[in-house]
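The residues making up each chain are set out below.
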Amino acid sequence: MAYFYRTRKKCYIKNEAKEEKFFAVPVTKGTLGMEEIAKEISSKSIAKESAILAVLKELSIIMKNKLGDGYNLKLDGIGTFGVAITSLGFDKEENITPRRVKFSKMTYRADRDLVDVLQDMKFVKEPPAPKGAIGKRIKRKQK
């Protein structure tokens, strides 16, 4: 398994001085949706793509319902999903009411085996584009 990266110059301010350094950034091959995942699983099992897709869609619904009910969800080989909440700080406990509690973010703790596989991953610098190739332009915010 090889993961491609490219280098990017990033500017930041450190001790009131502007610094420019080069960093490795990932090159993503794309995003796989449920249909692509179902097709991949079906090619490696006896289950039909439509059955796998139905299971993945049901998993999505169950995740929404169970996370909303306060459960964490552990998927062996993948990891554990949960919910983080937040509120402002108050001097008295009774001041924290349900209206003052908000969803903060989704939490995810990767399965140990998955982390081990990713830690053994090899990295390869992305080859330069062929001469004359037209690449994607990165849109930058105008100040």
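Report on the accompanying structure. Since the model is a prediction, treat every value here as computed from it, not as a measurement. (Residues numbered from 1 in each chain as written. Predicted model: local features only at pLDDT ≥ 70, side-chain atom pairs only at ≥ 80, totals over all residues. Heavy atoms only, no water.)

1. Observations regarding the overall build of the protein chain
Phase 1: A tally of helices and strands in the protein chain yields three helices and six strands.
Phase 2: Of the regular secondary structure in the protein chain, the N- to C-terminal order runs β-β-α-α-β-β-β-α-β.
Phase 3: Along the first, second and third principal axes, the C-alpha set of the protein chain runs to 60 × 60 × 30 Å.
Phase 4: Looking at the protein chain as a whole, 12% of its 143 residues qualify as buried.
Phase 5: Across the protein chain, contacts joining residues at least 24 apart in sequence account for 35% of those joining residues at least 6 apart.
Phase 6: When the accessible surface of the protein chain is totalled, it reaches about 13100 Å², and 56% of it is carbon and sulfur.
Phase 7: Of the side-chain charges in the protein chain, 31 are positive and 18 negative, and the distance between the mean point of each set is 10 Å. (Helix = DSSP H or I, 4+ residues; strand = E, 2+ residues; numbered from the N terminus. Buried < 20%, exposed > 50% of the residue type's maximum accessible area, 1.4 Å probe, protein only. Contact = heavy atoms within 4.5 Å. Areas by Shrake-Rupley, 256 points an atom, 1.4 Å probe, with all protein chains shown as cover. Lys, Arg positive; Asp, Glu negative; His and termini not counted. Charge placed at Lys NZ, Arg CZ, Asp CG, Glu CD.)

2. A look at the packing of aromatic side chains
Phase 1: Considering all chains together, one arrives at two aromatic pairs under this definition.
Phase 2: Ring geometry for Tyr 12 versus Phe 23: centroids 6.5 Å apart, planes at 55°, classification tilted. Residue Tyr 12 is found in strand β1 (residues 2–14), and its partner Phe 23 is found in strand β2 (residues 17–26); the two are separated by 11 residues along the sequence.
Phase 3: Classification of Phe 23 as partly exposed rests on a relative accessible area of 35%. (Phe/Tyr/Trp six-rings, centres within 6.5 Å; stacked < 30°, edge-to-face > 60°.)

3. Some details on the packing of helix α1 (residues 34–43) against helix α2 (residues 49–68)
Phase 1: With their axes 8 Å apart at the nearest point, α1 and α2 run at an angle of 130° to one another. It follows that α1 is oblique to α2 by the angle criterion. Helix-helix and strand crossings are classified by hand; for α1 and α2 the assignment is right-handed. Taking contact as the criterion, the partners of Met 34, Glu 35, Ile 37, Ala 38, Lys 39, Ile 41 and Ser 42 in α1 are, on α2, Glu 49, Ile 52, Leu 53, Leu 56 and Lys 57.
Phase 2: Classifying every residue of the contact of α1 with α2 by side-chain character gives seven nonpolar, one polar and four charged. (Axes fitted to C-alpha atoms, helices over the stretch in contact; angles between N-to-C directions. Parallel < 35°, antiparallel > 145°, perpendicular 65-115°, else oblique. Left-handed = near helix turned anticlockwise from the far one by under 90°. Nonpolar A, V, L, I, M, F, W, Y, C, P; charged D, E, K, R; others polar.)

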